[in-house]
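# Residue-level structural notes
The chain contents come next:
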Amino acid sequence: MAGGGGNDVQWCFSQVKGAIDDDVAEADIISTVEFNHSGELLATGDKGGRVVIFQQEPENKSQPQCRGEYNVYSTFQSHEPEFDYLKSLEIEEKINKIRWLPQKNAAQFLLSTNDKTIKLWKISERDKRPEGYNLKEEDGRYRDPTTVTTLRVPVFRPMDLMVEASPRRVFANAHTYHINSISVNSDYETYLSADDLRVNLWHLEITDRSFNIVDIKPANMEELTEVITAAEFHPNQCNTFVYSSSKGTIRLCDMRASALCDKHSKLFEEPEDPSNRSFFSEIISSISDVKFSHNGRYMMTRDYLSVKIWDLNMESRPVETYQVHEYLRSKLCSLYENDCIFDKFECCWNGNDSVVMTGSYNNFFRMFDRGQKKDVTLEASRESSKPRAVLKPRKVCGGGKRKKDEISVDSLDFNKKILHTAWHPQENIIAVATTNNLYIFQDKLN
Amino acid sequence: MINTMECAMDAQNLISISLRKIHNSRTQRGGIKLHKNLLVSYVLRNAKQLYMNEKYAEIYRMQQYEEVMTVCNEIQELNPLDLAEDIVEASGDCCSHVAGSPLIMEPASVCCALPASNHPAHTPHQQQQLQATAACSAAGLALQNEEVCKETNSAFFRSCCAEAYPVTDCDFSSLSAVHCNKTTVLDLDTHVVTTVESGYLHQDCCAVQCQGAQAPAKKRKFDFGCYAAESEEVPDFTPCKRARFEDFYCPHSEQLDTSNISNLISIFGSGFTGLVSRQADSEFSLNGQFCSKQTLASLGAWTRAIVAF
């Protein structure tokens, strides 16, 4: 177990959000989790197209041991189900990704996307309202102008805090295939969106135009061999972005090289180990997530069984590889049958890039301390949800004799999967999404 | 080589399951997921490869077994004393190394058999015996040449696959320098050398590249032992043999000639090639039970699995 400081971190339960019901409504399934740049706000998106934003309470001066709790700040319906009449296709309202914009003024801005449409939302607070209109009553009814005998100047009076979310831009009709990623550029003016075959570049102010910067669609669709699975801008080089593929490769592109970045500047690929070849080699090598480190020197990729850290200066192989759940390698057949092999796990860095985290099954999630070469498996469950209860490390027994407190592979619940996790940009606070619950853990403060 | 040990399921089951997934994806909310279907097509292709390899290996084994049995039966009919004389004569004609027992012949004796058979002085009996031993030798030769490639010691880079379908360990592309499961067969009758790769003719590899290509012009020549058919002494043998050969290909007594196998392979050639049928078939029964044997046997019954984008 490890955290930012290099000392051993003990993770404690802080909060859990969501229904306690075991019967999960499909619309409540969490599909994305994201902290904003300060960590004060935490946004979740769900399958029903809703966005819920939590805000951290300011630290209580009388209780310095406790960090502020996250409470609901705003809830709004971001996307609705749509129907493409031309193709006779229903477009799901599920929120695939949320990305925060850096804060420029009092309001907060975020991008949320479903399969086809990206929306820019403004979240603003209102804590005062004007009172004393001449032509309107207090309840909003219009006054008959002939009854007005005196004039007064309206004044602002304090009111209960109201958080409003309003869609400021809608970026639509630019994607034929399903959008899997959005990423805000470090210039804070542009962002990219990626679907299975294309990456588009947008300006945040312009909705009727976008530039196609990557297109891997073959002339003949029957020749298709790979799709784009994730894309991200470099954290501080505004001309650089990467995209990962279903074949396990990552391409780094420089937008200064040409308008269409079909030719990569760098290609990151690790040769396959022939002894591991199976029916499912292609599936498990498909990259489900790619994330740059905060310092921009490394990037991390997640495939079905492992997490890999790449040095941007070395294309031939990753510098670090962490096995998330290698015990599943012998179960790939069953996981293919029940579709679990197609699960897309995400991964994230901690604030100083010393620890990485990713999810697994049975509501387990894993952390890998890069410096101390230690890893830990923790569980997000209601059972260990007592306030400030320290999480106990878990262990899965791959085969052979099962030790006490170990869980055998066959008793893992593959319906309980943690696909989305997020790490506070500065503190040791993590948000872990189970199917329909959001768990918040933090490190134990003495 | 695909590690099948980890998988309790056989290739047919996987094919079944994969087809079901593709079918179900058509009715899923949100439209067909390109990524998932592409991955499923890879599994389908891998399972198909294994299935075809196993089938052809089986065919080859059966052919060999029958051939050896035929030759042995013929040899048993001959006079043992004559045999010994013939062998001494034969060995005198060339410098081959012949083992003591008449039934054990080195593969190199094939070359001896050829000039020997041209000797007009040889009796028909001797001719037949030489041919018989040559058959054994040919079998031996074929056996020797059969190398099931368990290759890729070299690193395997997926991204380098510019071809229509990804390169695998058992790549049957004619462009590939590495041949897997290659069998060289010498037809002693016509003296034609045929290369069979991964169970089908070299030309079939070309057929894979050109999708939808027609069946190879050359007929398979597994029946290198069938030269015996030419001989008048055993006239009935050939029809039985040929029938058995065809029977194997049509386990359900349906039409599945070699051209269909080539088409099947070309259909499965690339990621999506195999899944977009040229003919939409409304008769394909979708009871939820996809029988892979049925699927392989009745190629005309492919449905349009993926809507063209």
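Bear in mind the structure is a predicted one, so any value in this text is a computation, not a measurement.

Calculation notes
Residues numbered from 1 in each chain as written. Chains lettered and ligands numbered in written order. Predicted model: local features only at pLDDT ≥ 70, side-chain atom pairs only at ≥ 80, totals over all residues. Heavy atoms only, no water. Helix = DSSP H or I, 4+ residues; strand = E, 2+ residues; numbered from the N terminus. Buried < 20%, exposed > 50% of the residue type's maximum accessible area, 1.4 Å probe, protein only. Contact = heavy atoms within 4.5 Å. Areas by Shrake-Rupley, 256 points an atom, 1.4 Å probe, with all protein chains shown as cover. Salt bridge = Lys/Arg side-chain N within 4 Å of Asp/Glu carboxyl O. pLDDT = per-residue confidence, 0-100. Core = buried A, V, L, I, M, F, W, Y, C linked by side-chain atoms within 4.5 Å. Pairing = 2+ DSSP bridges. Axes fitted to C-alpha atoms, helices over the stretch in contact; angles between N-to-C directions.

### Considering the overall build of chain A
Of regular secondary structure, chain A possesses 2 helices and 32 strands. The buried share of chain A, reckoned over its 446 residues, is 54%. If you take every contact in chain A between residues at least 6 apart in sequence, the share linking residues at least 24 apart comes to 54%. With an accessible surface of roughly 20,500 Å², chain A has 47% of that area assigned to carbon and sulfur atoms.

### With respect to the overall build of chain B
What chain B contains, in helices and strands, is 10 helices and 3 strands. For chain B, the residues scored as buried account for 49% of the 309 residues in total. Contacts spanning at least 24 positions in sequence make up 69% of the contacts within chain B whose residues lie at least 6 apart. A total of about 14,900 Å² of accessible surface is found on chain B, and carbon and sulfur atoms cover 55% of it.

### What about the environment of Met-367 of chain A?
Residue and element names in this part refer to chain A. Turning to its location among the elements, Met-367 is positioned in strand E26 (residues 364–369). Note on Met-367: relative accessible area 3%, which makes it buried. Spatially, the C-alpha atom of Met-367 lies 9.0 Å from that of Val-324, the residues being 43 residues apart in sequence. Discounting chain neighbours no more than four positions away, the residues touching Met-367 are Trp-11, Val-355, Val-356, Met-357, Lys-374, Asp-375, Val-376, Leu-378, Trp-423 and Ile-430.

### Re the pattern of salt bridges
Residues and elements named next belong to chain A. Applying the stated criterion across every chain, the model contains 36 salt bridges over all chains. Linking Arg-50 and Asp-28 is a salt bridge whose minimum nitrogen-to-oxygen distance equals 2.6 Å. With Arg-50 in strand E4 (residues 50–56) and Asp-28 in the loop between strand E1 (11–17) and strand E2 (30–35), the pair connects residues that are 22 residues apart, well separated along the chain.

### Digging into the confidence of the model for chain B
For any part of a model where pLDDT is low, the fine detail of the predicted coordinates should not be relied upon. Residue and element names in this part refer to chain B. Looking at chain B as a whole, the pLDDT averages 53, with 22% of positions reaching at least 70. By mean pLDDT, helix H7 (residues 227–230) is the weakest element of chain B at 37, and helix H1 (residues 11–25) is the strongest at 92. Confidence over residues 1–6 falls short of pLDDT 50; this stretch has 16 contacts with residues more than four positions distant or in other chains. Confidence drops under a pLDDT of 50 for residues 160–180, and excluding neighbours within four residues, the segment shows 56 contacts in the predicted structure. As a predicted assembly, this complex carries a pTM of 0.69 together with an ipTM value of 0.91.

### Some details on the nonpolar core
Nonpolar side chains tend to gather and get buried jointly when the protein is soluble and globular. Phe-280, Tyr-304, Leu-328, Tyr-336 and Ile-341 of chain A are the most contacted members of the largest nonpolar core, which totals 40 residues. Those elements that place two or more of their residues in this core are helix H1 (281–285) and helix H2 (332–337) of chain A together with H1 and helix H2 (34–77) of chain B. If you tally residues by element for this core, the top one is H2 of chain B, at 10 residues. Apart from residues no more than four positions distant in its own chain, Ile-341 of chain A is found in contact with Phe-280, Ile-283, Ile-284, Tyr-304, Leu-332, Leu-335 and Tyr-336 of chain A. Grouped together as the second largest cluster of nonpolar side chains are 18 residues, Val-9, Met-367, Ile-418 and Tyr-439 of chain A included.

### Side note on the sheet that holds strand E18 (residues 250–254) of chain A
All names here are of chain A. Taken together, 4 strands build an open sheet; the order of strands is E16-E17-E18-E19 and the sheet is antiparallel. Here the strands that pair on one side only, and so sit at the sheet edges, are strand E16 (228–233) and strand E19 (266–268). Geometrically, the sheet is characterised by an average inter-axis angle of 20 degrees between neighbouring strands, direction not taken into account. Pairing analysis gives 3 bridges linking E18 to E19, with the strands arranged antiparallel. From the neighbouring strand, Arg-251 faces E19, where its bridge partner is Leu-267.

### Describing unusual backbone geometry
Residue and element names in this part refer to chain A. For Asp-339, which is not glycine, the phi torsion reads 75 degrees and is therefore positive. A relative accessible area of 25% places Asp-339 in the partly exposed class. Its identity is not glycine, yet Arg-388 carries a phi of approximately 60 degrees, on the positive side. In this fold, Arg-388 is placed in the loop between strand E27 (374–379) and strand E28 (395–397). The class for Arg-388 is exposed, based on a relative accessible area of 58%.

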